[in-house]
Amino acid sequence: MEQYVIKGGNPLVGEVEIGGSKNAALPILAAAMLTDETVYIDNMPDVFDTNVLLHALEGIGVMVKRTGRHSVILNAGNINSVIITDENIKKIRAAYYPTGALLGKYHEAQVPLPGGCDIGCRAIDQHIKGFKALGAEVVIEHGLIKTKAERLAGSHIYMDCVSVGATINVMMTAALAEGLTIIENAAKEPHVVDLANFLNSMGANIKGAGTDVIRIKGVTKLHGTEYTIIPDQIEAGTFMFAAAVTKGDVTVKNVIPKHLESITAKLMEIGCEIEESDDCMRVVSSKRLKTTHVKTLPYPGFPTDMQPQIAVALALAQGTSIVTESIFENRFKYVDELTRMGANIKVEGNTAVIAGVNRYTGASISAPDLRAGAALVTAALAADGYSVVDDIRFIERGYEDFEQKLQGLGAQIERVSNEKEIQKFKLQVG
Ligand code: EPZ
């Protein structure tokens, strides 16, 4: 099993190129099935989740041709089944996206229920509510979500909670339904907007993405397109907080600063300096971090996917901070691991009370999920001495070349697969 071995204590310094957004790429790859024509996608992140989804799409006859590490051509003109049997797709949360696309185009889909990181109960009742409102029958049987519709017709759907996945799924199905669909209380995340832009570039008629109310006028057919996926704001935010935690000076390149506003606001509150230009953001951290309180919220609030990263920073701040997780109830699993490194955090329900300590000390820790895993790596980079991080497969779900990008910023981190390699690393870095 692969691990990271890290020697902490070096400030991260330099520039890092941010890749395409995982959470935009996943629905875009599924939505490419809505047309029989060819779709060219660029800036696709080469990470576990996108690769699993592409493999599952190939399994039902989608032609998938990679023309570069970050570019892929898809053609769904010869799909031979609306039943996905790929075992791996169960491992990713985005397993639910082929349902919206297949239902929209073929009026039928059978797809394994989604898995993904264990960060709390991840209901799909709003997806089901949306599909039913559009005219589909939905049953869950033998671990599959099975949907079928004679006819799909536009509808007025009020989402009971703000859900990225449900908003996206309904948009995909409604794009080819008859008449007008209105989604109220829609998610506003940049990846929701990116999917809407992608669908519109295929000939869909979607207005209002990025606001609470999305209006979709169904069209009879969608066509091929060429599309570039937006940069990943969570990857960018992770490197920005890594700069804060290690007292570094990091410029993230190829970002959309507007998507990072809640993240930069918190970095400034805790004492970092931020320089913004068109598509770059520089974070300089030179003093002991200050405390703040933060509550995760749907966009444009502070993202739940950045909660562990900010907690790692606040655990080194002077004084007490409070972090409230309002989206997923099980997103504090990293706290026990951080405690091994010297953090002083008390969790009660969805709140973590963090009393800042002066320093972390290296330890053997495990990545409990994707974002928490990345956050623990940043803690290890700031810690005195060596750390070994287990279960790095979680990190690979969403961060491409994570250790290489960190090495480019001066981090002493190596991917290893046995004790001998750990010892070799220790000898090399001294
Ligand atoms: C997406 O998950 C992301 N995943 C998550 O990123 C992200 O944390 C989350 O949105 C919130 O921003 C992908 O895009 C693949 P939701 P999703 O539906 O769509 C409740 C990462 O690290 N809910 O917006 O599954 C749900 O329980 C991952 O990249 C219902 O109750 O999230 C949660 O409390 C982790 N019923 C809240 O809504 C539903 O039908 C938000 O979930 C759907 C959701």
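The preceding data block contains the structure.
Quick caveat: nothing in here was measured; it's all calculated off a predicted structure.

Chemist: I keep staring at the pattern of salt bridges and nothing clicks. Help me out?
Modeler: Once the charged atoms of two side chains with opposite charge are near each other, the side chains can pair. A full pass over the atoms with the stated rule returns 25 salt bridges. As a salt-bridge pair, D49 and R397 come within 3.3 Å of each other at their nearest N and O atoms. Of the two residues, D49 is situated in helix α2 (residues 48–59) and R397 in the loop between α12 (393–396) and α13 (402–408); the sequence distance between them amounts to 348 residues. Owing to a relative accessible area of 4%, D49 belongs among the buried residues under this scheme. Classification of R397 as buried rests on a relative accessible area of 9%. Look at the salt bridges and you will find they share partners, linking E2, E396, E403 and R415 into a network.

Chemist: Teacher, can you tell me more about the sheet that holds strand β2 (residues 13–17) here?
Modeler: Sheet strands pair by backbone hydrogen bonding; their relative direction is either parallel or antiparallel. The strand order β2-β14-β16-β15 describes an open sheet built from four strands, whose pairing is mixed. Single-partner strands in this sheet number two, and they are β2 and β15 (273–276). Along the sheet, successive strands turn relative to each other by an average axial angle of 15 degrees, direction set aside. The pairing of β15 with strand β16 (residues 280–284) spans four bridges and is classified as antiparallel. The partner of E275 across the bridge, within β16, is R282. Across the face of the sheet, helix α7 (residues 233–245) comes into contact with β2, β14 (249–253) and β16 while running at roughly 170 degrees to β14.

Chemist: Where do I start with helix α14 (residues 419–429) in this structure?
Modeler: Each turn of an α-helix holds 3.6 residues, which means side chains three or four residues apart point in the same direction. The residue sitting at the N-terminus of α14 and contributing the capping side-chain oxygen is N418; that oxygen lies 3.2 Å from the backbone nitrogen of K420. One or two residues past the end of α14 sits G430, with phi positive at roughly 75 degrees.

Chemist: Is there a simple way to explain the pairing of strand β10 (residues 180–184) in this structure?
Modeler: Note on strand geometry: in a regular strand, side chains alternate between the two faces of the sheet. Relative to β10, strand β9 (residues 156–158) runs parallel, the two sharing three bridges. For I157, the partnering residue across the bridge sits in β10 and is I183. Where β10 lies against strand β12 (residues 214–217), four bridges are found, and the strand directions are antiparallel. When the bridges of β12 are listed, L180 appears paired with K217.

Chemist: What is the right way to look at α7 in this model?
Modeler: Helix length check: α7 (13 residues) gives 18 Å between terminal C-alpha atoms against 18 Å at 1.5 Å per residue, within 8%. When you tally the buried positions in α7, you get 13 out of 13 residues, the bulk of the element.

Chemist: Help me understand the side chain of Q126 in this model?
Modeler: Here Q126 shows up in helix α4 (residues 125–133). In this structure Q126 comes out as buried when scored by relative accessible area, which is 4%. Not counting chain neighbours up to four residues away, the residues in contact with Q126 comprise Y158, M159, D160, C161 and A166.

Chemist: Help me out: how do you make sense of the packing of aromatic side chains in this one?
Modeler: When we look at a pair of aromatic rings, we describe it by the centre distance and by the angle of the planes. One pass over the full model with this rule turns up six aromatic pairs. Taken together, the aromatic side chains of F239, Y399 and F402 make up a single cluster linked through ring pairs. Residue placement shows K426 over the ring face of Y386; its charged tip is 5.0 Å from the ring centre.

Chemist: What exactly am I supposed to notice about the site of the ligand here?
Modeler: Of all residues adjacent to the ligand, which total 24 residues, the nearest are Y96, Q126, S163, D305 and I327. In this structure, an oxygen atom belonging to the ligand sits 3.1 Å away from a side-chain N or O atom of N23. Between Q126 and the ligand, the recorded distance is 2.7 Å, taken from a backbone N or O atom to an oxygen atom. Residue assignment for the shell around the ligand shows that the elements contributing at least two residues are α1 (22–31), α4, α5 (164–174) and α11 (370–382). By residue number, the principal contributor to the shell around the ligand is α4, which donates three residues. Among the residues forming the shell around the ligand, the class breakdown is eleven nonpolar, six polar and seven charged.

Rules used throughout
Residues numbered from 1 in each chain as written. Predicted model: local features only at pLDDT ≥ 70, side-chain atom pairs only at ≥ 80, totals over all residues. Heavy atoms only, no water. Salt bridge = Lys/Arg side-chain N within 4 Å of Asp/Glu carboxyl O. Helix = DSSP H or I, 4+ residues; strand = E, 2+ residues; numbered from the N terminus. Buried < 20%, exposed > 50% of the residue type's maximum accessible area, 1.4 Å probe, protein only. Pairing = 2+ DSSP bridges. Axes fitted to C-alpha atoms, helices over the stretch in contact; angles between N-to-C directions. Contact = heavy atoms within 4.5 Å. Polar contact = N/O pair within 3.5 Å; in protein donor to acceptor, adjacent residues only side chain to side chain. Expected span 1.5 Å × (residues − 1). Phe/Tyr/Trp six-rings, centres within 6.5 Å; stacked < 30°, edge-to-face > 60°. Lys NZ or Arg CZ within 6 Å of the ring centre and 35° of its normal. Near = heavy atom within 4 Å. Nonpolar A, V, L, I, M, F, W, Y, C, P; charged D, E, K, R; others polar.

Just geometry here; none of it tells us what the structure is for.
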